[in-house]
Amino acid sequence: MIPDVSKALTWLESHPDALNGIRRGIERETLRVTPEGQLAASGHPEILGKALTHPWITTDFAESLLEFITPVDPSIDHMLSFLTDIHRYVARNLGSERMWPMSMPCFINKEEDIVLAQYGSSNVGRFKTLYREGLKNRYGALMQTISGVHYNFSLPIDFWRAWAGVEDAESGKEQISAGYFRLIRNYYRFGWVIPYLFGASPAICSSFLNGRETNIPFERDGHMLYLPYATSLRLSDLGYTNKSQNDLGITFNNLPDYVTALKKAIHTPSPEFAKLCVKVDGHYRQLNANVLQIENELYAPIRPKRVTKGDESPSDALLRGGIEYIEVRSLDINPFTAIGVNAEQSRFLDLFLIWCVLADAPEMSSDELLCTRKNWNRVILEGRKPGQTIGIGCDTERQPLAKVGKELFADLQRVAEVLDSINGNKQYQQVCTKLVACFEDASLTYSAQVLEQMKEKGVGGFGRELSERYREQLSSEPLEVLTEEQLQQQVEASIKRQAAMETQDSMPGAIGFEEYLHLHAGC
Ligand SMILES: Nc1ncnc2c1ncn2[C@@H]1O[C@H](COP(=O)(O)OP(=O)(O)OP(=O)(O)O)[C@@H](O)[C@H]1O
Ligand SMILES: N[C@@H](CCC(=O)O)C(=O)O
Ligand SMILES: N[C@@H](CS)C(=O)O
């Protein structure tokens, strides 16, 4: 089932320094809720600065959906301390509100209670809110209140020098992009291991269905709907996914093909979304009626990325400099930690993503990419089922999930030994030893432990208990790597930056919103 990676692993073992300088960044989302667990009706707290311009504290879809972003960091521990300091600062400044500690929302009485994130009167600010108006009208607001953790990852240039013989990032951008596309194709083939190990949404509150029909054979326990062997309903068709995007023809074989398909999707009118109209009685309902309003709307489990310059689009940034890093979007919020993610998950992802670069990855058509969804769905809905099997590509041949998992971890152990040799400790190997046990005993997985708690306390009860515990914990802990002054300074700077943008856009001769909309989302 898994490719023979022994040759590449032997190469890695003789080039340990190639892994010196991995860089990472985290994006974590969380809903602001009342002490009772209800969605907070308040706006984004002024004391947290402006969501439009704050580099670390912003909002995702809704005014109550916080998003925390860490700067790119070579140290896992420093990155997580930075993320924890952001949580500490926010927890101290939320008054009686708490942060919901799980991916799936619970007590949202009606969709109308979900207020779209507001970003002020600048063209960019209005554009971002209108994008969300479009998402609401297209997919419903409830789905957009699902929270996730995104893990951003890049390998050092020394890896690409040793592995691909490049001189530098600029001249080697084609080979580096090819390497990250290799990673992405293997991620589609084997990334189901992430929900298996770390999925943390095996159940939902019945209110989340919101009257929708589903053919998922849920079991019910009070207000809780669950599947006994589910791992991540967030990644299911009921969650933060969009089946209509399956026929966009997106492939991950090379940059020109990827960008062409993505640009086609944002320029192709959608008959379904045209029915929503773009402007009714002078009010916009979406940015445009295309299949995707903008590139962000492609809800892929992993994205090739490059930091954008100015107002260039994500795909134009990729065309300019090739792939700079990748964004893993399959992590549920980890409810067992106040910050939604832990060092064990970060170290596992490092191991897995390095393995994904090293392993052979034949090119895949969009249909072959779709085939991989069968394995993901099997793990998402019943990954912990005793004797569960995993398919081989599009073929019907299947092997025991436990066997495949253990084979994968035998390779990851070798990567761990290289990383530990660089760091002078055993941390990566300890992660391997702990996690591989999950294939022998599924009760050790996050989703099994979450379901056990939810059966005892209910989804809402478990969420309320944790949100209260983390509020106490975060509010009382001292800051570690940031200072109160730095956090306050960022708040003030964000306010100034937004004011400057709004002033600039209101100057005589500045382009109006209609023109801005045409330039950035025109058909
Ligand atoms: N070279 C890199 N290697 C690893 N991580 C990176 C690299 N460059 C940036 N990152 C991380 O990627 C993340 C970018 O998140 P940010 O929300 O700022 O951008 P985005 O994901 O493109 O925005 P959006 O969520 O609106 O699409 C940050 O956590 C940052 O630390
Ligand atoms: N909230 C989505 C991500 C939103 C976005 O596309 O950034 C998630 O659960 O991962
Ligand atoms: N972050 C999500 C919801 S706003 C998106 O970009 O589509």
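Only a predicted model underlies this, so the values are computations on that prediction, with no experimental measurement involved.

Conventions adopted
Residues numbered from 1 in each chain as written. Chains lettered and ligands numbered in written order. Predicted model: local features only at pLDDT ≥ 70, side-chain atom pairs only at ≥ 80, totals over all residues. Heavy atoms only, no water. Near = heavy atom within 4 Å. Polar contact = N/O pair within 3.5 Å; in protein donor to acceptor, adjacent residues only side chain to side chain. Areas by Shrake-Rupley, 256 points an atom, 1.4 Å probe, with all protein chains shown as cover. Helix = DSSP H or I, 4+ residues; strand = E, 2+ residues; numbered from the N terminus. Buried < 20%, exposed > 50% of the residue type's maximum accessible area, 1.4 Å probe, protein only. Contact = heavy atoms within 4.5 Å. UniProt positions renumbered as here; feature names shortened; annotations may be inferred. Phe/Tyr/Trp six-rings, centres within 6.5 Å; stacked < 30°, edge-to-face > 60°. Lys NZ or Arg CZ within 6 Å of the ring centre and 35° of its normal. Salt bridge = Lys/Arg side-chain N within 4 Å of Asp/Glu carboxyl O. pLDDT = per-residue confidence, 0-100. Disulfide = S-S within 2.5 Å. Axes fitted to C-alpha atoms, helices over the stretch in contact; angles between N-to-C directions. Parallel < 35°, antiparallel > 145°, perpendicular 65-115°, else oblique. Nonpolar A, V, L, I, M, F, W, Y, C, P; charged D, E, K, R; others polar. Pairing = 2+ DSSP bridges.

Draft legend 1. Highlighting the site of ligand 3. Around ligand 3, the neighbouring residues are Asp 60, Phe 61, Tyr 131, Arg 132, Leu 135, Gln 144, Tyr 240, Asn 296 and Tyr 299. Take Tyr 131: an N or O atom from its side chain is 2.6 Å from an oxygen atom of ligand 3. Between an oxygen atom of ligand 3 and a side-chain N or O atom of Tyr 299, the distance comes to 3.0 Å. Contact with the protein chains covers 89% of the free accessible surface of ligand 3, which is 240 Å².

Draft legend 2. Representation of the environment of Ile 216. Following the sequence through the fold, Ile 216 ends up in the loop between helix 7 (206–209) and strand 7 (219–221). We classify Ile 216 as buried; its relative accessible area is 13%. Between the C-alpha atoms of Ile 216 and Ser 236, which are 20 residues apart in sequence, the distance is 9.7 Å. The residues contacting Ile 216, other than those within four sequence positions of it, are Leu 227, Ser 236, Leu 238 and Leu 381.

Draft legend 3. Up close: the UniProt feature "domain: Glutamate--cysteine ligase" (unreviewed entry) in the protein chain. This chain's UniProt record puts "domain: Glutamate--cysteine ligase" (unreviewed entry) on residues 12–379. Along residues 12–379 one finds 35% helix and 14% strand; the C-alpha atoms at either end are 30 Å apart.

Draft legend 4. Highlighting the packing of aromatic side chains. This model, assessed by the stated rule, comprises 28 aromatic pairs. Judged by centre distance (6.4 Å) and plane angle (55 degrees), the ring pair of Phe 336 and Phe 462 falls under tilted. Within this pair, whereas Phe 336 is found in the loop between strand 12 (325–332) and helix 11 (343–358), its partner Phe 462 is found in helix 16 (residues 459–476), the two being separated by 126 residues in sequence. The exposure class assigned to Phe 336 is partly exposed, which follows from its relative accessible area of 36%. Assessed through its relative accessible area of 2%, Phe 462 is described here as buried. Here the aromatic rings of Phe 352 and Trp 355 are separated by 6.4 Å at their centres, their planes lie at 10 degrees, and the arrangement is stacked. Taken together, the residues span about one helical turn, with Phe 352 and Trp 355 both in helix 11 at a distance of three residues. Take Phe 352: its relative accessible area is 0%, and that puts it in the buried class. Over the face of the ring belonging to Phe 208 we find Arg 212, whose NZ or CZ atom lies 5.0 Å from the ring centre.

Draft legend 5. Region of interest: the pattern of salt bridges. Using the criterion set out here, one finds 31 salt bridges in the structure. Between Arg 471 and Glu 468 there is a salt bridge, with the nearest N and O atoms lying 3.7 Å from each other. With Arg 471 and Glu 468 both in helix 16, this residue pair falls three residues apart, about one helical turn. Assessed through its relative accessible area of 25%, Glu 468 is described here as partly exposed. Sharing partners across several salt bridges, the network here consists of Asp 85, Arg 88, Glu 477 and Glu 480.

Draft legend 6. Summary view of the confidence of the model for the protein chain. For the protein chain, the average pLDDT comes to 96, and 100% of its residues sit at 70 or higher. Within the protein chain, helix 7 has the poorest average pLDDT of any element, 91, and strand 3 (residues 65–69) the best, 99. Among the prediction metrics, the complex's ipTM stands at 0.98, with pTM recorded as 0.98.

Draft legend 7. Molecular detail of the state of the cysteines. Going through the model one piece at a time under the given rule, you end up with one disulfide. Each sulfur of the disulfide joining Cys 106 and Cys 205 lies 1.8 Å from the other. Linking Cys 106 and Cys 205, the disulfide has an S-S dihedral of approximately -60 degrees and is accordingly described as left-handed. Within this pair, whereas Cys 106 is found in the loop between strand 4 (98–99) and helix 3 (123–139), its partner Cys 205 is found in strand 6 (residues 203–205), the two being separated by 99 residues in sequence. A residue is classified by how much of its surface remains accessible, and Cys 106, at 7% relative accessible area, is buried. Look at Cys 205 and you get buried, because its relative accessible area is 6%. Looking at the unpaired Cys 356, the closest cysteine sulfur is the one in Cys 432, lying at 14 Å. Residue Cys 356 is classed as buried on the basis of its relative accessible area, which comes to 0%.

Draft legend 8. Spatial organisation of the packing of helix 15 (residues 446–457) against helix 16. At their nearest, the axes of helix 15 and helix 16 sit 6 Å apart, and the two run at 105 degrees to each other. With respect to their mutual orientation, helix 15 and helix 16 come out roughly perpendicular. Residues Val 450, Gln 453, Met 454 and Lys 457 of helix 15 form the contact with helix 16, whose participating residues are Val 459, Gly 461, Phe 462 and Glu 465. Partitioning the contact of helix 15 with helix 16 into residue classes produces four nonpolar, two polar and two charged.

Draft legend 9. Broad picture of the site of ligand 2. Taken together, the residues surrounding ligand 2 are Glu 29, Asp 60, Ile 146, Ser 147, Gly 148, His 150, Arg 234, Tyr 240 and Arg 329. At 2.7 Å, a backbone N or O of Ile 146 approaches a nitrogen atom of ligand 2. Interatomic distance of 2.8 Å between a side-chain N/O atom of Arg 329 and an oxygen atom of ligand 2. By residue class, the composition of the shell around ligand 2 is two nonpolar, three polar and four charged.

Draft legend 10. Geometry of the pairing of strand 12. With eight of eight residues buried, strand 12 is to be regarded as a mostly interior element. Alignment of strand 11 (residues 302–305) against strand 12, held across four bridges, turns out to be antiparallel. The partner of Arg 303 across the bridge, within strand 12, is Glu 327.

Draft legend 11. Region of interest: the sheet that holds strand 7. Strand order in this open sheet of three strands is 6-8-7, and the pairing throughout is antiparallel. Each edge of the sheet is formed by a strand with only one pairing partner; in this case those strands are strand 6 and strand 7. On average, adjacent strands in this sheet sit at an angle of 30 degrees to one another, irrespective of strand direction. Relative to strand 8 (residues 224–226), strand 7 runs antiparallel, the two sharing three bridges. In the strand pairing of strand 8, Arg 220 is matched with Leu 225.

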